[in-house]
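Fold and geometry: a report
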Amino acid sequence: MKVIPCSTAAMAIMVTMVFPSTTSAFVCPSTRTTFHLHRRSSAFPKAIPNKIITTVVATTPSSPRTSTTSLSSAKILPIAYTAVSAALFEKAWALHAAAAAPTTTAAQLYSKIILVATGILSLVKYGPSDNAKLASSKRAYKATPPASSGKAKQQRQAVKTWKSVVRIKLIGQFVGLLYMARSPSWSKLMQGAMMVMTTNVAYYLCGAGRSYHDDHGNWTPLPTEESSICTLYHTVLMICTALLAKSSSSALEQQQAITTPLFFNSATTILVGIYVVGAFVSTLTGIPKFLQTLSGVFKQKQEEEE
């Protein structure tokens, strides 16, 4: 049985959300808990490990026996997003520690800002919101039987569309976040951010607005105006990240962030500002769901203790 570090487990945990089922394991150093991950063989790109979780077997030093718990997507997805958010914060801290303030380059400063903003966005907005969307798509699919005509057929088609766009969002978004966390340069970092925003644009263009379902799995299409605004919002952020990805990495690495006047009026600074503001606004919209999720976690722990 192969043991992989906790940081590598984020992708394996996420892949389970879309492709369920043979056996690997990872160890969490802080708790000395070993998680055994069951997978199946599948023809994935080389970038994605061929390990897919269906069951987690946790073994701790204080426990003489092994207990098996099948984790639902409601538990796995928040763990995956928390892990990738932590990886983004860790990368930002590594950049911060790598250079003292007087020698900080524009690329390093911009990268830290982008990483922190995206990490917060992933933790507060994407994790709880996408978890609710995935659960909604599963409820709606189970509750809506196949139909051949009339409104029932429209509802079934809306459910199938909703199920597809949610999974498109989850896969593309998470791969983009992982790409950012492992990016070796400024351009690669922004390519990951562009992947995240492009996925969100595709999410709406593929019919998320007209097939939207609420948390209970009920078909509640978004108003056309709201859907259009969301599409435009993510399109603007996608264009900003594309332009930033095309900006000269070497020039930014040579430019001193504090001492160079261009830092305060360059187009790159404006684009980074637009991205950060956009991420902040999106994070604000996710706070209610985030607090609701935290409340549910604390309530569940209290019930388990009782």
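Residues numbered from 1 in each chain as written. Predicted model: local features only at pLDDT ≥ 70, side-chain atom pairs only at ≥ 80, totals over all residues. Heavy atoms only, no water.

Details of the packing of aromatic side chains
Put simply, the rule reads: Between the rings of Phe, Tyr and Trp (Trp by its six-membered ring), a pair exists once the centres lie within 6.5 Å; its type follows the angle of the planes, with under 30 degrees stacked, over 60 edge-to-face, and the other angles tilted. For helices the rule is a DSSP run of H or I covering at least 4 residues; for strands it is a run of E covering at least 2, with both sets numbered from the N terminus onward. Placement of a positive charge over a ring is assigned whenever Lys NZ or Arg CZ falls within 6 Å of the ring centre and within 35 degrees of the normal to the ring plane.
Counted according to the given criterion, the structure contains 5 aromatic pairs. Measuring from ring centre to ring centre gives 5.9 Å for Tyr110 and Trp186, while their planes differ by 45°; the resulting arrangement is tilted. Here Tyr110, found in helix H3 (residues 106–143), pairs with Trp186, found in helix H5 (residues 186–208); they are 76 residues apart in sequence, far enough to count as distant. A connected cluster of aromatic rings, assembled from ring pairs, spans Trp162, Tyr203, Tyr204 and Tyr212. The cationic tip of Arg156 hangs over the ring face of Tyr141; the distance from NZ or CZ to the ring centre is 4.4 Å.

A few points about a nonpolar patch on the surface
As a reminder of what qualifies: Patch criteria: residues need more than 30% relative accessible area and no salt bridge. Like-charged residues are merged within 9 Å; nonpolar side chains of Val, Leu, Ile, Met, Phe, Trp and Tyr are merged within 5 Å. The Shrake-Rupley method, run with a 1.4 Å probe, gives the accessible areas here. Residue values count only the displayed protein chains as cover. Salt bridge, as used here, is a side-chain nitrogen of Lys or Arg placed within 4 Å of a carboxyl oxygen of Asp or Glu. Residue burial is assigned from relative accessible area. The probe radius is 1.4 Å, only protein chains are included, and a residue is buried under 20% of its type maximum, exposed over 50%, and partly exposed in between.
Taken together, Val277, Phe280, Val281, Leu284, Ile287, Leu291, Leu294, Val297 and Phe298 make up a surface patch of nonpolar side chains, about 780 Å² in accessible area. Tracing the sequence through the fold places Val277 in helix H8 (residues 267–305). On the accessibility criterion, Val277 (51% relative accessible area) is exposed.

Topic: the nonpolar core
Where a protein is soluble and globular, its nonpolar side chains tend to be buried together. This is how the line gets drawn: Grouping buried Ala, Val, Leu, Ile, Met, Phe, Trp, Tyr and Cys residues that are joined through side-chain atoms within 4.5 Å yields what is termed a nonpolar core.
Among the nonpolar cores identified, the biggest contains 42 residues, and Tyr81, Ile114, Trp186 and Met190 are the most heavily contacted of them. Elements represented by at least two residues in this core include exactly helix H2 (73–98), H3, helix H4 (150–181), H5, helix H6 (224–246) and H8.

A few points about the packing of H3 against H5
Put simply, the rule reads: Here the axes come from fitting lines to C-alpha atoms, over the contacting stretch only for helices, and the angles between their N-to-C directions go from 0 to 180 degrees. Angular relationships are summarised with four words: roughly parallel below 35 degrees, roughly antiparallel beyond 145, roughly perpendicular across 65 to 115, and oblique for the angles in between. Put simply, a crossing is left-handed when the front helix is turned counterclockwise from the back one by less than a right angle, and right-handed when it is turned clockwise. In this description, contact between two residues means that some pair of their heavy atoms is separated by no more than 4.5 Å.
With their axes 11 Å apart at the nearest point, H3 and H5 run at an angle of 30° to one another. Relative to H5, H3 is oriented roughly parallel. For the crossing formed where H3 meets H5, the hand is left-handed. Here H3 contributes Ala107, Tyr110, Ser111, Ile114, Leu115, Leu121, Tyr126 and Lys133 to the contact with H5, which in turn contributes Trp186, Leu189, Met190, Val196, Met197, Asn200 and Tyr203.

Comments concerning the confidence of the model for the protein
Quick note on the threshold: Every residue carries a pLDDT, the predictor's confidence in it, which falls somewhere between 0 and 100.
Taken residue by residue, the protein gives an average pLDDT of 77. The fraction at 70 or more is 68%. Note that pLDDT drops below 50 for residues 257–265; the model gives that stretch 13 contacts with residues more than four away or on any other chain.

Section: the packing of H6 against H8
Where we set the bar: Three residue categories are used. Nonpolar comprises Ala, Val, Leu, Ile, Met, Phe, Trp, Tyr, Cys and Pro, charged comprises Asp, Glu, Lys and Arg, and polar comprises the others, including Gly.
Viewed as axis vectors pointing N to C, H6 and H8 meet at an angle of 145°, and their least axial separation amounts to 9 Å. For the pair H6 and H8, the sense of crossing is left-handed. Here H6 contributes Tyr233, Val236, Leu237, Cys240, Thr241, Leu243 and Leu244 to the contact with H8, which in turn contributes Thr268, Leu271, Val272, Ile274, Tyr275, Gly278, Ala279 and Ser282. Counted by class, the contact of H6 with H8 contains 11 nonpolar, 4 polar and no charged residues.

Side note on the pattern of salt bridges
One pass over the full model with this rule turns up 2 salt bridges. Measuring nitrogen to oxygen at the nearest pair gives 2.8 Å for the salt bridge that ties Lys169 to Asp130. Pair noted here: Lys169 is in helix H4 and Asp130 is in helix H3, with a separation of 39 residues, a long-range link. Across this residue pair, the class does not change: Lys169 and Asp130 are buried. Across the pair Asp215 and Lys289 runs a salt bridge whose closest N-O atoms are separated by 2.4 Å. With a gap of 74 residues between them, Asp215 in the loop between H5 and H6 and Lys289 in helix H8 connect regions that are remote in the sequence.

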